[in-house]
Structure formats: structure tokens, C-alpha cells
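# Residue-level structure breakdown
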Amino acid sequence: MTSILFEIKNSIAFITLNRPEKYNAFNREMALDLQEKLDQCEKNIAVRCVSITGAGKAFSAGQDLAEVIDPNGPGMEKILSQHYNPIIKKIRDLSKPVLAAINGVAAGAGANIALSCDVVIASENASFIQAFSKIGLIPDSGGTFFLPRLVGLQKASAIMMLGDKISAAEAERIGMIYKFFPATTFVSEAEKMAVILSQLPTRALAFTKEALNKSFQQNLVQQLQTEDTLQQRAAATNDFKEGVAAFIEKRKAEFKGD
Ligand code: LHQ
């Protein structure tokens, strides 16, 4: 059984973490395969949105803990540098929107991979657990970067230190995720959201993401300069021409992602 399912349909790349009996916990094979699929999404110009979800009950329980103690496993020194750090970098650098469709529990690195995505939606059955403190580790996979920026330092500190299970409703309330949906409609809502994202002006979304990535490191003057540079590039796209023409002609814009 392949640990990542991958399908491209109508400009959307659907990635499914697929070790359901292990709650989609990451082993080396799955981590490397996810990286390879993210690379394919970047290279393939037909892909205009990437959607990541989990097979079965969970989104992902993070690192496969059996692999950590396996003498033939990758070893602690490789797990971040070769597995999770490249995944987070690839998601942040991907020039297309990445939707995380959180179908169930997201724990440890599974939670923080979710939080690195551009739009995070969840089923009401989903939950988020910074499980690291329970096993004597620190939050990784970008968690210490994204969570305080999403929910503020106080909430992030408590959530990470206590390792509480945060429900989807609470995650939405505190700004950890965008929205949650009833379990019965979640799959169709997630697909609708992916379709919407895939039909937006893809290059403008990529420039938006680039500006947001930089906003974490720059001061206001630098950020205004970044916006200026990227806006010139957005204004040079066909989708900008189409957007303005559609507005003037009082019709719905048909963006092509170029
Ligand atoms: C699992 C796992 C799992 C293996 C559920 N591994 N099998 C970075 C640096 C280096 C090393 C370590 O890791 C990291 C990054 C990290 O991600 S650290 C955090 C690792 N993750 C965790 O500590 C979470 C561990 N899992 C849990 O706490 C629970 O399973 C949760 C709360 C996710 C779900 O609880 P339940 O709904 O009660 O399900 P369960 O515990 O019964 O799990 C279902 C099955 O999945 C079970 O298998 P079994 O054969 O007994 O039915 C679990 O063993 C398996 N599973 N998580 N991480």
C-alpha cells in the first residue's frame, strides 16, 4: 500500500496521507513521498491548488513513534532535517495555494504541517494536539513559528506546554484555522474550497503567499517595497487583464492562472 495517494483532477492535486491504521503517522517513506508529490505540484503548471487530507479517521498523528525507536530507522538526527523541515519549506514555497482539509485528529508534526498550509479547514470531528510535551520533545515542523503568529504567544505557550486537545470549533474561534464544518458536509465543503482556490488568479495568490512569507521577517518599509515589486508582477499577468475586463463588462472573471 502506498503511503501517499495522489490524484490530479480539474487543476487540483489531491494528496491523501495514507497509513490509516497508524493514524497516518509519518515514517520516512511517507515523509519523502510527500516531498516528492509537493515537488510534482510545483512543477506541473496544470496544478493550481493542492489539497492535503488524511485517509480514515485521522489527519495525521505526527511522527511514527515506532520508527523513532527502530534501530534500523532513520535516527533522530535525520527526522527533522530530512523529513519535516523540507516538507514545511516546500509547502511555504509552493507557488500555489495549499489547502489542509483536516478530517480528524492532527497531532505533533501532523498538526504543525497543517498549520503551515495556506488555508486550513476542519471537520467538526477534527482536533489539534501539540503532543510533543507528552513525550518530552519540543514542538517542531514550524509549530513554534506558526502557532504564536496565529493565536498569540500566550495561547501558543499554553497549548504547547499543556498539550491539550483543541477541538475544531475552538481552533476556529482562536484563529488557529480558517473554518470548521459539520462532519456530514466536510468532504464536499473541502472539495468546494479546493475548486474555489483552483479558479482564482494563481500567480497573484503565489505573490500574496510570497509577501506573507516575507512579512514575518521584514519591517514595514521593507514590506511596502515587497508589495510594490510583487504588485508590478501581478499587474503584468493575463489574469489581472481578465479581472479588470470582467469587472468593467460586469461578468464573472475567468482566470487561467497565467
Ligand atoms: C500511532 C501514532 C504514532 C505510531 C497513533 N506513531 N502509531 C520529531 C522529531 C523526532 C522524533 C519524534 O517526532 C517528531 C515529531 C512528532 O510528531 S512528535 C509527536 C508524535 N506524535 C504523538 O506523540 C501522538 C501519538 N498519538 C496519540 O497521542 C494518539 O494516538 C492520538 C491522540 C493521536 C489519537 O488517540 P486515539 O484516538 O485514542 O487513537 P489511538 O491512540 O488508539 O491510535 C490509533 C492507532 O494509531 C493505534 O494503533 P493500534 O494498532 O494500537 O490500533 C496507535 O498505536 C496508532 N498511532 N499515533 N504517532
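Residues numbered from 1 in each chain as written. Predicted model: local features only at pLDDT ≥ 70, side-chain atom pairs only at ≥ 80, totals over all residues. Heavy atoms only, no water.

Here we come to the site of the ligand. Around the ligand there are 22 residues in total, and Ala61, Gln63, Leu65, Ala109 and Asp140 lie nearest to it. Ala61 is positioned with one of its backbone polar atoms (N or O) 2.9 Å from a nitrogen atom of the ligand. Note that a nitrogen atom of the ligand is positioned 3.0 Å from one of the backbone N or O atoms of Leu65. Isolated, the ligand exposes 1000 Å² of accessible area, and the fraction of that covered by the protein chains is 64%. Those elements that provide at least two residues to the shell around the ligand are helix 2 (65-68) and helix 3 (76-93). The dominant element in the shell around the ligand, judged by the number of residues it contributes, is helix 3, at three residues. Taken together, the residues that form the shell around the ligand break down as 15 nonpolar, three polar and four charged. (Near = heavy atom within 4 Å. Polar contact = N/O pair within 3.5 Å; in protein donor to acceptor, adjacent residues only side chain to side chain. Areas by Shrake-Rupley, 256 points an atom, 1.4 Å probe, with all protein chains shown as cover. Helix = DSSP H or I, 4+ residues; strand = E, 2+ residues; numbered from the N terminus. Nonpolar A, V, L, I, M, F, W, Y, C, P; charged D, E, K, R; others polar.)

What follows deals with the pairing of strand 6 (residues 119-123). The two faces of a sheet get side chains in turn, since along a regular strand they alternate between them. In terms of burial, strand 6 is a largely internal element, five of the five residues being buried. Neither face of strand 6 is left uncovered, since the one carrying Val119, Ile121 and Ser123 and the one carrying Val120 and Ala122 both have all their residues buried. For strand 6 and strand 9 (residues 179-181), the ladder comprises three bridges, and the chain directions are parallel. Across the sheet, Ile121 pairs through a bridge with Lys179, a residue of strand 9. (Buried < 20%, exposed > 50% of the residue type's maximum accessible area, 1.4 Å probe, protein only. Pairing = 2+ DSSP bridges.)

Attention shifts here to unusual backbone geometry. Look at Asn10: it is not a glycine, yet its phi comes out positive at around 50°. With respect to the helices and strands, Asn10 occurs in the loop between strand 1 (4-9) and strand 2 (12-17). On the accessibility criterion, Asn10 (68% relative accessible area) is exposed. Notably, Tyr23 is not glycine yet its phi reads approximately 55°, a positive angle. The residue Tyr23 is located in the loop between strand 2 and helix 1 (28-43) in this model.

Before going further, it helps to spend a moment on the sheet that holds strand 2. With mixed pairing, six strands are arranged side by side in an open sheet as 1-2-3-4-6-9. Strands at the two margins of the open sheet, each flanked by one partner only, are strand 1 and strand 9. The sheet shows a mean angle of 20° between the axes of neighbouring strands, taken without regard to direction. (Axes fitted to C-alpha atoms, helices over the stretch in contact; angles between N-to-C directions.)

Side chains of Leu65, Val68, Ile69, Met76, Ile135 and Leu137 sit close together on the surface and give an oily, nonpolar patch of about 580 Å² of accessible area. As for its placement among the helices and strands, Ile135 is situated in the loop between strand 7 (127-129) and helix 5 (143-151). Under the relative-accessibility criterion, Ile135 is labelled partly exposed at 47%. (Patch = residues over 30% accessible without salt bridge, like charges linked within 9 Å, V, L, I, M, F, W, Y side chains within 5 Å. Salt bridge = Lys/Arg side-chain N within 4 Å of Asp/Glu carboxyl O.)

A separate point is the packing of aromatic side chains. Here the structure, examined in full by the defined rule, presents three aromatic pairs. Ring centres of Phe26 and Tyr84 lie 5.7 Å apart, and the angle between their planes is 75°; this geometry places the pair in the edge-to-face category. Taken as a pair, Phe26 in the loop between strand 2 and helix 1 and Tyr84 in helix 3 lie far apart in primary sequence, 58 residues in all. Like Phe26, the residue Tyr84 is buried in the burial classification. Measuring from ring centre to ring centre gives 5.1 Å for Phe145 and Phe216, while their planes differ by 90°; the resulting arrangement is edge-to-face. Of this pair, Phe145 sits in helix 5 while Phe216 sits in the loop between helix 9 (202-215) and helix 10 (220-235), placing them 71 residues apart in sequence. Judged by its relative accessible area of 28%, Phe145 is partly exposed. An aromatic cluster is defined as three or more aromatic residues linked by ring pairs; in this entry it consists of Phe145, Phe146 and Phe216. The lysine or arginine in question, Arg149, covers the ring of Phe145, its NZ or CZ lying 3.8 Å from the ring centre. Sitting above the plane of the Phe216 ring, Arg149 keeps its charged end 4.8 Å from the centroid. (Phe/Tyr/Trp six-rings, centres within 6.5 Å; stacked < 30°, edge-to-face > 60°. Lys NZ or Arg CZ within 6 Å of the ring centre and 35° of its normal.)

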